[in-house]
Amino acid sequence: MEDLLLFFPRAYEDKRQFTSVAELRTDEVNNVKGTLGHVFHRRSRNGKALTRAILSDKSGAVEVLWFNQPFLQRILKNGQKIILSGKAKFAYGKTSLLNPSYEEVKEEQTHVGRLVPVYHQTEGISSKWIREKLKPLMEEWLNGLEEYIPREILEKYALMDYRKAVREAHFPTTENSLEEAKKRLGFDELFLLQLKALQKKWYWQNVEKHQQKPITEHPEMKGLIEALPFELTEAQKRTLREILSDLEKPYPMTRLLQGDVGSGKTVVAGAAIFCAIKAGYQTALMAPTEILTRQHYQTLFKLLHPYGFNIQFISGSTTASIKND
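Residues numbered from 1 in each chain as written. Predicted model: local features only at pLDDT ≥ 70, side-chain atom pairs only at ≥ 80, totals over all residues. Heavy atoms only, no water.

## Focus: the packing of helix H8 (residues 234-247) against helix H9 (residues 265-278)
Cut-off, in case you're wondering: Fitted lines through C-alpha atoms give the axes, limited to the stretch in contact for helices. The angle between two N-to-C directions lies from 0 to 180 degrees. Strands are runs of DSSP state E lasting at least two residues, helices are runs of H or I lasting at least four, and both sets are numbered from the N terminus onward. By the definition used in this description, the sense in which the near helix is turned from the far one sets the handedness, with an anticlockwise turn below a right angle giving left-handed and a clockwise turn giving right-handed. Note on definitions: a residue-residue contact is assigned when non-hydrogen atoms from the two residues lie within 4.5 Å. The classification used treats Ala, Val, Leu, Ile, Met, Phe, Trp, Tyr, Cys and Pro as nonpolar, Asp, Glu, Lys and Arg as charged, and all other residues, Gly among them, as polar.
The geometry of H8 relative to H9 is characterised by a closest axis approach of 10 Å and an angle of 35 degrees between their N-to-C directions. Seen along the crossing, H8 lies across H9 with a hand that is right-handed. Across the interface between the two elements, Gln-236, Thr-239, Leu-240, Ile-243, Leu-244 and Leu-247 from H8 touch Val-268, Ala-271, Ala-272 and Cys-275 from H9. The class makeup of the residues in the contact of H8 with H9 is eight nonpolar, two polar and no charged.

## A short note on the pattern of salt bridges
Heads up, the rule is: Here, a salt bridge means any side-chain nitrogen of Lys or Arg that lies within 4 Å of a carboxyl oxygen of Asp or Glu. Working definition: with a 1.4 Å probe on protein chains only, accessible area under 20% of the residue-type maximum means buried, over 50% means exposed, and in between means partly exposed.
According to the stated counting rule, one finds 17 salt bridges in the structure shown. The salt bridge partner of Asp-188 is Arg-184, with a shortest N-O separation of 2.7 Å. In this pair, Asp-188 and Arg-184 are both assigned in helix H6 (residues 175-206), four residues apart and thus about one turn of the helix distant. For the salt bridge of Lys-237 with Glu-231, the shortest nitrogen-to-oxygen distance reads 3.8 Å. Overall, the relative accessible area of 27% leaves Lys-237 in the partly exposed class. Each member of the salt-bridge network shares a partner with another, and the members are Glu-242, Asp-246, Lys-249 and Arg-255.

## With respect to unusual backbone geometry
Its identity is not glycine, yet His-38 carries a phi of approximately 55 degrees, on the positive side. For His-38, the position within the fold is in strand E2 (residues 29-43). If you check the backbone angles, Ala-158 has positive phi at about 50 degrees while not being a glycine. Assignment of secondary structure puts Ala-158 in the loop between helix H4 (151-156) and helix H5 (162-170).

Structure (C-alpha cells):
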C-alpha cells in the first residue's frame, strides 16, 4: 500500500475549466458538465459495441458517441449528471463528442473538473485505473504514513506535513498546494540522500575496520614539485595538504576536487599518487572516456616515470595483458 501511495504522478492535466455545449471546440479538449439523455447501446454489423447519448446543459445539447466500450451499458443511464472530457468533431453538419472520458458529478471529482494526475502507465494499467484505486486508499491508509522529519526542520523550511503532501501530490486542491507538496517531497528526496551519505561516512570513520597504512608526505615529493615547469598556486598547495592529511587517516577519504579546465587538478592528483606509491600502495586513476584517460596517462607518465614507477594504460579496447611490478 505504501508503494502505491508513493507512486507519484509524472504530470498533471488542468481540467478545472468547463465549457458549455454551445461553446464546444474541435481544436482542444473540452470539459463539459450536463445531463445524459436518450442513452442507447447497440452493436454494429462487425460486432463492435456502440453507445450513443445526448448531453445537454442550459446552452444546448450535443451527441456523444463511444465505440467498443460495452461496459458503458452498466454505467451510463438516462438523467445522469455527468462530466465529459474530450475533443469535439464536426461532420455531416453536426458536432459530436467522440469517446470522451467521463465521471459522474459528485462532491469531489477524481478524473475531471480538477487538476488531474497523470501517471506512468503500462499495458493494462492506465492513469484512470491508478486514480480509481488510489482515491479510496487515501482515506484508509494515508494515516499509516508517519511524519519522520523533526518539527523544527519543518518549521525552519516552511514544509508541508508529510501526509498532506502525499495527498496533494495525487489529488491537488489548488496549484499553490501542489507546489508546496512538490517542495516538501523534493526536500525529502535530497534530505534522505544526504542523510544516507552522512550515515555511511560516519560508519566508515567510527565502526568499519580498515587496514591502516598511513600515507604521509614523502620527502622526495618536494623534488617532484620543484621539477614542475611551473609553480603551484596557493590553492593547489592547500588542496594537496588537505588530501595528504585525509590519506593519513585510518578510513577512506571522501573528497571532491573541483576546478576549471587547466587549473592543475591532475598534478595535485599525481602528487597524491606519488605519496601513495611511496607508502607501498598501488594506485589507479580513472576517467570517463578513453581520450581523457590517455591524456592523463601521458601527463602522469612524464611526472612519475623518472622515479622508476611502472605506469600502465588500460581501457576497454586494451587487449594485451599487463604485468605489475
